[in-house]
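Here is how the chains run, residue by residue.
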Amino acid sequence: MSTSIHPTAIVEPGAELGEGVSIGPFCIVGPDVALGDHTKLESHVVVTGRTRIGAGGHLFPFASIGHRPQDLKYHGEPSTLEIGSHAMIREYVTVQPGTEHGRMHTKVGDHCLLMASSHVAHDCMIGNHVILGNNAMIAGHCTIEDHVIVSGGSGMHQFVRIGEHAFIGGMTGVENDVIPFGMVIGNRGGLNGLNVIGLRRRGFDREEIHTIRKAYRLLFSNEGTLAERLEDVTKMFPDSPSVKRVLDFINARSDRALCLPDRVD
């Protein structure tokens, strides 16, 4: 399959186009852009900056990818943006490169769905199989791990980390780190248990979910300090990779506090 470029599209000299790329009406592709094989741009898409998009991407009208960050400290440094393979980027989505005050790089992983009007700011690290709902807003320097769902209208504070397989409910403001497998819902989100439905969909068996749930209840009980509870859970579940993932997440260095539940049932 040969590359197809609509007569009204502008592909600037220097742009790298893979096999079978399709560029629709009124699109603009900048000189430092690389589009992987079989990437498709519908009409009115702009991809600019030092941006690489992997194979099989599908970008819909008025997506704006790779423009300078919305950061007043940005002064034209040669930062980059990388989007993995098989990304689906819907209408009016914005994704921006890094800054010298961050990683100098923004990354979106493979098989991600960015629904209409969602935003990924500078220096974010987005994992694989992540879904951002309509109007989801990811502020700068955030990390979102694999298989996370961020529902429509939700917002992430700068530097927040969202652990793998977590679920963020609609219209939720997330100010603090969310543990792997966690579920956060609310105007200013508190931890609302575990994303059990998501774990079942992704093949976690009943026994492993039960183990994660038991560890969760112990971690966030009212007895002792969090440090003491972390030590207890580490000793009680030495053979569970899922529990270890939660413990590693909590113990890792972070610029934000940990998102905690109001109560544990």
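Residues numbered from 1 in each chain as written. Predicted model: local features only at pLDDT ≥ 70, side-chain atom pairs only at ≥ 80, totals over all residues. Heavy atoms only, no water.

1. Focus on helix H4 (residues 241–251)
Alright, step 1. Among the residues of H4, Ser 242, Val 243, Val 246, Leu 247, Phe 249 and Ile 250 are the ones counted as buried. Taken down its axis, H4 places every buried residue within 160 degrees of arc, on the same side. Across from the buried face of H4, at angles greater than 90 degrees, the exposed residues are Pro 241 and Asn 251.
Alright, step 2. Summarising the contacts, the buried residues of H4 are in contact with strand E24 (161–162), helix H2 (206–219) and helix H3 (226–236). (Buried < 20%, exposed > 50% of the residue type's maximum accessible area, 1.4 Å probe, protein only. Helix = DSSP H or I, 4+ residues; strand = E, 2+ residues; numbered from the N terminus. Arc of directions from axis to C-beta. Contact = heavy atoms within 4.5 Å.)

2. As for H3
Alright, step 1. Taken together, the buried positions of H3 are Arg 229, Leu 230 and Val 233. Viewed along the axis of H3, the buried residues span an arc of 105 degrees, placing them on a single side of the element. For H3, the exposed residues lying more than 90 degrees away from the buried face are Ala 227 and Lys 235.
Alright, step 2. Elements that come into contact with the buried residues of H3 comprise H2 and H4.

3. Notes on a positive patch on the surface
Alright, step 1. On the surface, Arg 200, Arg 206, Arg 213 and Arg 217 cluster together into a patch of positive charge.
Alright, step 2. Sorting elements by how many residues they give to the positive patch places H2 first, with three residues.
Alright, step 3. Assessed through its relative accessible area of 31%, Arg 213 is described here as partly exposed. (Patch = residues over 30% accessible without salt bridge, like charges linked within 9 Å, V, L, I, M, F, W, Y side chains within 5 Å. Areas by Shrake-Rupley, 256 points an atom, 1.4 Å probe, with all protein chains shown as cover. Salt bridge = Lys/Arg side-chain N within 4 Å of Asp/Glu carboxyl O. Lys, Arg positive; Asp, Glu negative; His and termini not counted. Charge placed at Lys NZ, Arg CZ, Asp CG, Glu CD.)

4. Some words on the sheet that holds strand E15 (residues 105–108)
To summarise the sheet geometry, strands pair through backbone hydrogen bonds and adopt either a parallel or an antiparallel arrangement.
Alright, step 1. Read from one edge to the other, the open sheet built from eight strands follows the order E3-E6-E9-E12-E15-E18-E21-E24, with strand pairing classed as parallel. The sheet terminates laterally at strand E3 (16–17) and E24, the two strands that pair on one side only.
Alright, step 2. Here two bridges tie strand E6 (residues 34–35) to strand E9 (residues 50–53), and the two strands are oriented parallel to one another. Following the sheet pairing, Ala 34 is matched in E9 by Arg 52. (Pairing = 2+ DSSP bridges.)

5. Remarks on unusual backbone geometry
Alright, step 1. One non-glycine residue with positive phi stands out, namely His 44, at about 60 degrees.
Alright, step 2. Relative to the assigned elements, His 44 resides in the loop between strand E7 (40–41) and strand E8 (46–47).
Alright, step 3. Owing to a relative accessible area of 32%, His 44 belongs among the partly exposed residues under this scheme.
Alright, step 4. At His 111, a position not held by glycine, the phi torsion is positive, near 60 degrees.
Alright, step 5. Looking at the element boundaries, His 111 is found in the loop between E15 and strand E16 (113–114).
Alright, step 6. Accessibility expressed as a relative area gives 40% for His 111, which makes it partly exposed.

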